[in-house]
Amino acid sequence: MVWKGWARLISGYEKLLTHPKAATWAGAALVANVLLNAWLGDDGFISFRAVDNFVNGHGLVYNVGERVQAFSNPLLVLLLLPIHGATRWMGIDSIYFTSLAFSFLHLGLFIYLARRIANSPIVLAFGLITMFLHGPIVDYFTSGLENSLNFLLVAALVYYLAQNNTNKAYIVMGLLLVSRLDLVVLVLPLLIYSLYHSPDFKAKWWCLVRVGGPVGAWLVFALVYYGSYLPNSMIAKSAFRPGIISILHHDWSYLMGSQYFHPWTFILPTVLSLGFMAKWRVLEYWEKGLTLGALAYLIFPFGLGGDFMAGRFQTVPTVLLILLVTRRIGSISTWIPLQLCMILIWLVHSNSILNQWKELAWLGLKETKGYNVTMDEITWVKKKFFLSIAEEKLFYLSSTNLTIKLAFILKRGIIQHFDLYYWGAREVGLRYRVTNQEKVVKKTMAGVPPYYGGPKMYLTDNVGIVDPLIARLPKKPSDNWRVGHVRRVYPVGYLESLRGDNNQIEDPQVAALYHDLRLAHRSPELFERERWEAIWRLNTGYHHIPYDYR
């Protein structure tokens, strides 16, 4: 009896997907889901601060007067420059709306390309519904990070390869690397396959030129302008080398934490890749390369101890695999049980977007009636951590959700009540902008307060996201660390050096490192000899700082 009921459910769902307008409904549902859950996180404002500084004539920097690449998404930053420049007349909060609008532009173009990639409207509907049900994909279509741009780029890559337009596909591969350098893990298998299948040396050469052109141009610019071709956060991660046991411990936390918040984080891409690889013999070379790249990028974070954001790094390979499946499969019958299971989890899981909608409706009703919402009133925020892994959206959704804020603004009718973070991060920054408080700041969020604090506010952080010296200081291997947030000890005299604008660090080895950093990042002349000597030392491992530095 149960089996017959399940069979009827599958048959009925398949008929629903075969409706002529099923793909249109699925696309509209995906857009609506992203719209209802649109939000911004603190990390996005690290990039926004560099954009704002550039537009206001201070250079593409985080702290004015110090050329450090604090952001890790150069392509998004470059694309936001003209948009922010054209909309800054709207006020300091304009970046909130322009960033979300840019993400929705990516979403619209993505759906357009997905329609061109899928081999039928039925399969397209299946793919879009799968994305609708996958929490991290919906979450990171917004957030202020580069994920939505990467979704669009992988869609363009699959589209051009399917059209046999390899020249444009190679350029898109290069743009992916500019968008985020660690996407080389995803792109490399495809590049190897492409070189192997190129007919002659000339074709191989042009393949490398088109892929390497965009990323090579950025890396040269970064080395000349910033003194380093790596983002500061990557330098901070590479300076910390925990033991293998510690990495495995954090990998386990990453796996369990991600599955706790989003059960399909690893299951869905694994099932999609296995199902896709069942057709391995008939796949084209580029499909094989992209499948291997997606699997490699899924595994890649485990070599670093995972990531602190639940589900974020799995979104790009998952989207890529969904696009590949919608292009290749002819029938969705074998995939329907998987999607019905996703729907069931979506309905009952405590952290699913459906349950968050209920909270959002309540929060929006309270805010539009003029009540303050506190952290303790948000029941699901209490579950924002699991084994040190965070559901990032739960930190910011109630205060940065677009739907709530639009309702709040329309109800009140005045923009002054638009508090981007209700616990005061925006106000903290604004106080630094308008008062004469101490301008060298530590121990604060690296995104919102410095963005609103303005160009006079200088932030140093003890995890090395924006601070070039802290990023290069070692930390003894231990289990007491969090991925992306490895805290270091400030050297004696360092804060005094920042406030006095000279080198007062007591430890001679750290002082020598700081001397070279000042030459590389603060020298007014980009091409002076002393600066390039310092850049050479910084990028060739010349400085060796002991664990017991002072």
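Preceding this section is the structure that the text describes.
Because the structure is a prediction, the values reported are computed rather than measured. (Residues numbered from 1 in each chain as written. Predicted model: local features only at pLDDT ≥ 70, side-chain atom pairs only at ≥ 80, totals over all residues. Heavy atoms only, no water.)

Draft legend 1. Broad picture of the pattern of salt bridges. Summed over the entire model, instances satisfying the criterion amount to 10 salt bridges. In this structure, Glu287 and Arg328 form a salt bridge, with 2.4 Å as the shortest nitrogen-oxygen distance. Linking Glu287 in helix H15 (residues 285-299) with Arg328 in helix H16 (residues 315-328), this pair joins segments that are 41 residues apart in sequence. Here Glu287 falls in the buried class, since its relative accessible area comes to 0%. Using a relative accessible area of 23% as the deciding quantity, one classes Arg328 as partly exposed. (Salt bridge = Lys/Arg side-chain N within 4 Å of Asp/Glu carboxyl O. Helix = DSSP H or I, 4+ residues; strand = E, 2+ residues; numbered from the N terminus. Buried < 20%, exposed > 50% of the residue type's maximum accessible area, 1.4 Å probe, protein only.)

Draft legend 2. Structural context of the packing of aromatic side chains. Taken as a whole, this structure holds 26 aromatic pairs when the rule is applied. Relative to Tyr226, the ring of Phe71 has its centre 6.3 Å away and its plane inclined at 80°; by these criteria the two rings are edge-to-face. Taken together, the residues span a long stretch of sequence, with Phe71 in the loop between helix H3 (44-55) and helix H4 (74-87) and Tyr226 in helix H11 (residues 201-226) at a distance of 155 residues. We note that Phe71, like Tyr226, is buried. Look at Tyr297 and Phe300: their rings are 5.7 Å apart centre to centre, the planes differ by 15°, and that puts the pair in the stacked class. Residue Tyr297 is classed as buried on the basis of its relative accessible area, which comes to 3%. Judged by relative accessible area, Phe300 falls into the partly exposed class, the value being 23%. Here the aromatic cluster, defined as three or more aromatic residues joined through ring pairs, consists of Phe71, Trp218, Phe221, Tyr225 and Tyr226. Above the ring of Tyr62, the side-chain terminus of Arg49 is found at 4.8 Å from the ring centroid. (Phe/Tyr/Trp six-rings, centres within 6.5 Å; stacked < 30°, edge-to-face > 60°. Lys NZ or Arg CZ within 6 Å of the ring centre and 35° of its normal.)

Draft legend 3. Layout of empty space enclosed by the protein. Tallying each qualifying case throughout the model produces 9 cavities of 30 Å³ or more. In this model, the second largest cavity occupies a volume close to 80 Å³. Lining the second largest cavity are Glu146, Asn147, Asn150, Arg180, Leu183, Tyr297, Arg312, Phe313 and Val316. Across the lining of the second largest cavity, the residue classes break down as 4 nonpolar, 2 polar and 3 charged. (1 Å grid on protein atoms, 1.4 Å probe; cavity = no way out; pocket = protein on both sides within 12 Å on 5 of 7 lines; lining within 4 Å. Points joined across faces, edges and corners; volume = space filled by probe spheres on them. Nonpolar A, V, L, I, M, F, W, Y, C, P; charged D, E, K, R; others polar.)

Draft legend 4. Helix H14 (residues 267-277), seen in detail. What H14 keeps buried is the set Leu268, Pro269, Leu272, Ser273 and Phe276. The buried residues of H14 occupy an angular sector of 125° when projected down its axis, which confines them to one face. Against helix H6 (121-133), H15, H16 and helix H17 (336-348) lie the buried residues of H14. (Arc of directions from axis to C-beta. Contact = heavy atoms within 4.5 Å.)

Draft legend 5. Quick peek at the layout of surface pockets. In this structure, the largest pocket spans a volume of roughly 900 Å³. Forming the boundary of the largest pocket are 50 residues, of which Arg180, Ser233, Met234, Lys237 and Gly484 lie nearest the centre. Looking at the lining of the largest pocket, the elements that each hand over two or more residues are H3, helix H9 (166-179), H11 and helix H12 (232-238). Take the lining of the largest pocket: its biggest share by element is 5 residues, from H12.

Draft legend 6. How the structure looks around unusual backbone geometry. One non-glycine residue, Ser143, lies in positive phi territory at about 90°. One non-glycine residue, Asn164, lies in positive phi territory at about 60°. Position of Asn164 relative to the elements: it lies in the loop between helix H8 (147-162) and H9.

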